[in-house]
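Summary of structural features
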Amino acid sequence: MENKSIWINDIKPKINKKLDKNLDVDILIIGGGLTGITSCFYLKDSKYDIALIDADKVGFGVSSRTTGKLTYLQELIYQKLESNFNFNVAKKYLESQKYAINLVVDNIKNYNIDCDLEKNSSYVFTNDDKEIPKFKKEEKFFDKANVKYTVQKKIPVNIKCKYSIKVDDTYVFHPLKYILKLKEICMKSGIKIYENTKATQLSKKDDYYICYTDKYKIKAKKVIIACHYPFFVIPGFIPLKTHIEKSYVTASKVDETKKFNAITNTYPIKSIRYHNDDNKKYVIFAGESHKLCDKLDRCSNYKKIIDKTKKDISRNIDFYWTNQDLMTSDNLPLIGPLNKNTPNLLLGIGYNTWGMTNATLAGKIISDIILNKENKYKKLFRPDRPLSMDKIKNLFVNSYFNGKAFAVTKLKKNYPWYKNKVKFENRNGVNVGIYIDKNGKEHIVRNLCPHLKCSLIFNMEDKTWDCPCHGSRFDIDGNCIQGPSSYDIKIK
Ligand SMILES: Cc1cc2nc3c(=O)[nH]c(=O)nc-3n(C[C@H](O)[C@H](O)[C@H](O)COP(=O)(O)OP(=O)(O)OC[C@H]3O[C@@H](n4cnc5c(N)ncnc54)[C@H](O)[C@@H]3O)c2cc1C
């Protein structure tokens with residue numbers, strides 16, 4: 001059983017060089033996950049000079065730890081959108097998801113991309129009688145929106161289920177193979193891609209932006225923020241408008257795969273899909289989702305998903321990993337110019353765990369905005385859209401959870417599950433966290449997240465220092481491995 005995502009197993013990409021000079025470009029894309037690389041892809045034939053930088057390797061962020069379903073059946077999202085906005089908004093979101101699925105499928109066909117694309121059915125299901133009225137409500141929306149679906153009292157696997165809705169015309173694929181092929185296509189078109197190049201600051205001067213990396217600067221007329229969570233707080237105040245949700249995933253070898261994927265509508269989420277990679281067949285199971293500031297004993301969360309996999313799915317587990325996604329206050333992603341005063345600073349973030357479709361959509365919408373092309377979904381996802389009731393309510397909820405996480409990490413540092421392997425001390429006036437490895441060596445870091453100054457918790461399973469407020473992660477020696485922080489916490 002290996003602690004790594006199934007998608008990065010056996011994939012050894014050719015890594016591009018780090019930025020080694022100052023640049024002056026028309027468009028800078030910060031982040032090479034599905035959002036950044038799709039934006040690049042749809043801009044590749046334009047007249048613009050484009051550069052993309054990634055703090056790590058293209059495709060190896062959140063997009064490489066997803067479950068890789070391409071579906072418009074996203075739990076029971078449509079009734080949420082209908083009650084928060086109205087029927088038309090929910091219907092437009094539905095159309096946008098179908099549109100995004102078609103974009104991916106067309107790209108795969110047109111460029112002959114080998115990424116294990118498979119058409120299958122999607123189910124949303126429950127084993128709780130009390131949840132069934134919500135399913136009936138979703139059916140009403142589907143009836144009104146002319147969506148074909150069927151209702152059953154089971155799903156095609158032996159997991160308890162009292163009610164399910166099934167739709168067809170959905171897919172699963174290998175997200176990393178898809179992203180790496182898009183990267184290759186973009187590079188062939190002349191787009192400059194630099195890896196191991198982290199943006200640390202962004203400032204506006206006259207009619208252009210300057211992006212700072214550790215040594216060099218990039219001057220750009222337009223900047224696309226595709227780094228999953230912006231590394232800056234102003235402009236945008238994204239931490240106030242969003243929260244992070246964390247989930248745990250397993251993959252187990254099976255003899256036969258089944259042509260369906262499924263998800264529950266309530267916490268703790270159970271999500272399942274199969275994966276067929278040449279001769280290797282797997283079932284992928286995800287769940288135990290929680291807000292980042294809750295369930296701080298990450299080891300115990302891993303144990304729960306592993307136990308559930310063994311009970312419901314498979315006795316043997318080959319891979320297990322964790323992933324986190326950015327959730328917005330009103331269930332709609334944030335795509336487009338940050339606000340009307342920053343038309344050249346464009347965002348693609350906040351996909352509420354449905355980023356295979358929404359990151360694709362973001363790449364297409366952002367490129368259409370830049371190329372002055374019509375796109376009927378531009379307005380729907382505007383980051384500066386008006387406040388809705390959910391958005392107002394969730395602004396308070398997010399502030400509460402962020403505040404709670406901040407307070408918890410300041411008030412309580414030591415937990416029983418650290419089993420004397422983690423210590424907190426003040427050394428020479430600096431609050432440090434110390435992890436003692438299996439050889440007794442101390443690894444010392446500054447115990448303060450550079451992003452918004454939360455203290456950190458130690459993740460005993462992944463051996464990382466994690467910020468429970470906004471999701472930054474650091475290795476045992478203080479190197480930042482996931483944002484929003486773009487700085488390390490090494491002790492000099
Ligand atoms: C458990 C789980 C399962 C999921 N399953 C599904 C699913 O089945 N279907 C679905 O549609 N969605 C799913 N999602 C959601 C989806 O995976 C994400 O929404 C999507 O991958 C986000 O893509 P991204 O491009 O925004 O981010 P990323 O893939 O993280 O890309 C961001 C990139 O930016 C880089 N970066 C970060 N900071 C900087 C910086 N300062 N400078 C330069 N580069 C930087 C990173 O290295 C990274 O490569 C799931 C999410 C979770 C948590």
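Note that the structure is predicted; figures quoted are calculated from it, not measured.

For the chain, the helix and strand inventory stands at 9 helices and 24 strands. A compact globule built from 492 residues should have a C-alpha radius of gyration of about 23 Å, and the chain, at 22 Å, falls within 12% of that. Projected onto its principal axes, the C-alpha positions of the chain cover 65 × 55 × 50 Å. The proportion of buried residues among the 492 residues of the chain is 47%. Considering only intrachain contacts with a sequence separation of at least 6, the fraction spanning at least 24 residues in the chain is 71%.

This part is about the site of the ligand. Residues in close proximity to the ligand total 40 residues, the closest being Gly 31, Gly 33, Gly 61, Gly 355 and Met 356. Among the elements of the structure, α1 (34-43), β11 (242-253), β15 (319-328) and α8 (355-370) are those that each provide at least two residues to the shell around the ligand. Ranked by residues supplied to the shell around the ligand, first place goes to α8 with 4 residues. Its residues placed into classes, the shell around the ligand shows 16 nonpolar, 19 polar and 5 charged.

Running from amino to carboxyl end, α1 crosses helix α5 (residues 175-188) at an angle of 35 degrees, the nearest separation of the two axes being 9 Å. Every pair of crossing elements has a handedness; the one defined by α1 and α5 is left-handed. Taken together, the residues of α5 that come into contact with α1 (itself represented by Leu 34, Ile 37, Thr 38, Cys 40 and Phe 41) are Pro 175, Ile 179, Leu 182, Lys 183, Ile 185 and Cys 186. Of the residues contributing to the contact of α1 with α5, the split by class is 9 nonpolar, 1 polar and 1 charged.

The next subject is the nonpolar core. One recurring pattern in soluble globular proteins is that nonpolar side chains are buried together. Counting 121 residues, the largest nonpolar core has Leu 28 and Ile 30 as its most contacted members. At 7 residues, α8 tops the list of elements feeding residues into this core. Counting only domains with at least three residues in this core, you end up with domain 1 (10-65 + 176-240 + 331-396) and domain 2 (412-482).

As a further point, take the domain arrangement of the chain. Splitting the chain by domain gives domain 1 (10-65 + 176-240 + 331-396) and domain 2 (412-482). Distance between the C-alpha centres of domain 1 and domain 2: 30 Å.

Moving on, we get to the sheet that holds strand β24 (residues 480-482). Taken together, the 4 strands give an open sheet; going across it, the order is β21-β22-β23-β24, and neighbouring strands pair in antiparallel fashion. At either end of the open sheet lies a strand with only one pairing partner, and these are β21 (457-459) and β24. Here the average twist between neighbouring strands, direction ignored, is 35 degrees. By the bridge criterion, 2 bridges tie strand β23 (residues 473-475) to β24 in an arrangement that is antiparallel. Bridge assignment links Arg 473 to a residue of β24, and that residue is Gln 482.

This part covers helix α3 (residues 87-110). In this model, α3 (24 residues) spans 34 Å end to end at C-alpha, consistent with the 34 Å of a helix rising 1.5 Å per residue. For α3, the full list of buried residues reads Ala 90, Tyr 93, Leu 94, Ser 96, Gln 97, Ala 100, Ile 101 and Val 104. Turning to α3, the residues buried within the fold contact β3 (69-70), α2 (77-84), α4 (132-144), β6 (163-172) and α8. Once α3 ends, the next one or two residues include Asn 112, with phi positive near 55 degrees.

Cis rather than trans, the peptide bond between Ile 234 and Pro 235 has omega equal to 0 degrees. Across the junction of Tyr 267 and Pro 268, the peptide omega takes the value -10 degrees, indicating a cis bond. Among the structural elements, Pro 268 can be located in the loop between β12 (260-264) and β13 (270-277). The phi angle at His 228 is positive, at roughly 75 degrees, despite the residue not being glycine.

Right, let's get into the pairing of strand β17 (residues 345-349). Most of β17 is tucked away, with 5 of its 5 residues classed as buried. A two-sided burial pattern is seen for β17, the buried positions comprising Leu 345, Leu 347 and Ile 349 on one face and Leu 346 and Gly 348 on the other. In the sheet, strand β16 (residues 334-337) pairs with β17 via 4 bridges, with the strands oriented antiparallel. Counted as the bridge partner of Leu 334 is Ile 349 from β17.

Sheet topology note: the strand β18 (residues 422-427)/strand β19 (residues 430-436) ladder contains 6 bridges and is antiparallel. Note on β19: the bridge partner recorded for Val 422 is Tyr 435. Between β18 and the antiparallel strand that follows it, β19, lie 2 residues; Asn 428 among them carries a positive phi value of about 55 degrees. Two successive antiparallel strands, β19 and strand β20 (residues 442-446), enclose a turn made up of 5 residues, where Gly 440 displays a positive phi of approximately 85 degrees.

A few words now on the sheet that holds β19. Sheet architecture is open: 3 strands sit in the order β18-β19-β20, paired in antiparallel fashion. The open sheet has two free edges, formed respectively by β18 and β20, since each of these has just one partner strand. Strand after strand, the sheet turns through a mean of 30 degrees between neighbouring axes, direction not considered.

In this section: the packing of α3 against α8. It is at 9 Å that the axes of α3 and α8 come closest, and there the two elements cross at 80 degrees. The pairing of α3 with α8 is recorded here as roughly perpendicular in orientation. For the pair α3 and α8, contact is made by Ser 96, Gln 97, Ala 100, Ile 101, Leu 103 and Val 104 and by Thr 357, Asn 358, Thr 360, Leu 361 and Lys 364, respectively. Partitioning the contact of α3 with α8 into residue classes produces 5 nonpolar, 5 polar and 1 charged.

Before going further, it helps to examine the environment of Asn 352. Looking at where Asn 352 falls in the secondary structure, it is placed in the loop between β17 and α8. The buried category is assigned to Asn 352, around which 20 C-beta atoms lie within 10 Å. Taking the C-alpha atoms as reference, Asn 352 lies 22 Å from Leu 452; in sequence the two are 100 residues apart. Apart from residues no more than four positions distant in its own chain, Asn 352 is found in contact with Met 327, Thr 328 and Asn 331.

How each quantity is defined
Residues numbered from 1 in each chain as written. Predicted model: local features only at pLDDT ≥ 70, side-chain atom pairs only at ≥ 80, totals over all residues. Helix = DSSP H or I, 4+ residues; strand = E, 2+ residues; numbered from the N terminus. Rg over C-alpha atoms; globule rule 2.2 N^0.38 Å. Buried ≥ 20, exposed ≤ 12 C-beta atoms within 10 Å, placed from the backbone. Contact = placed C-beta atoms within 7 Å. Near = placed C-beta within 6 Å. Nonpolar A, V, L, I, M, F, W, Y, C, P; charged D, E, K, R; others polar. Axes fitted to C-alpha atoms, helices over the stretch in contact; angles between N-to-C directions. Left-handed = near helix turned anticlockwise from the far one by under 90°. Core = buried A, V, L, I, M, F, W, Y, C linked by C-beta atoms within 7 Å. Domains from an automatic or database assignment. Pairing = 2+ DSSP bridges. Expected span 1.5 Å × (residues − 1). Parallel < 35°, antiparallel > 145°, perpendicular 65-115°, else oblique.

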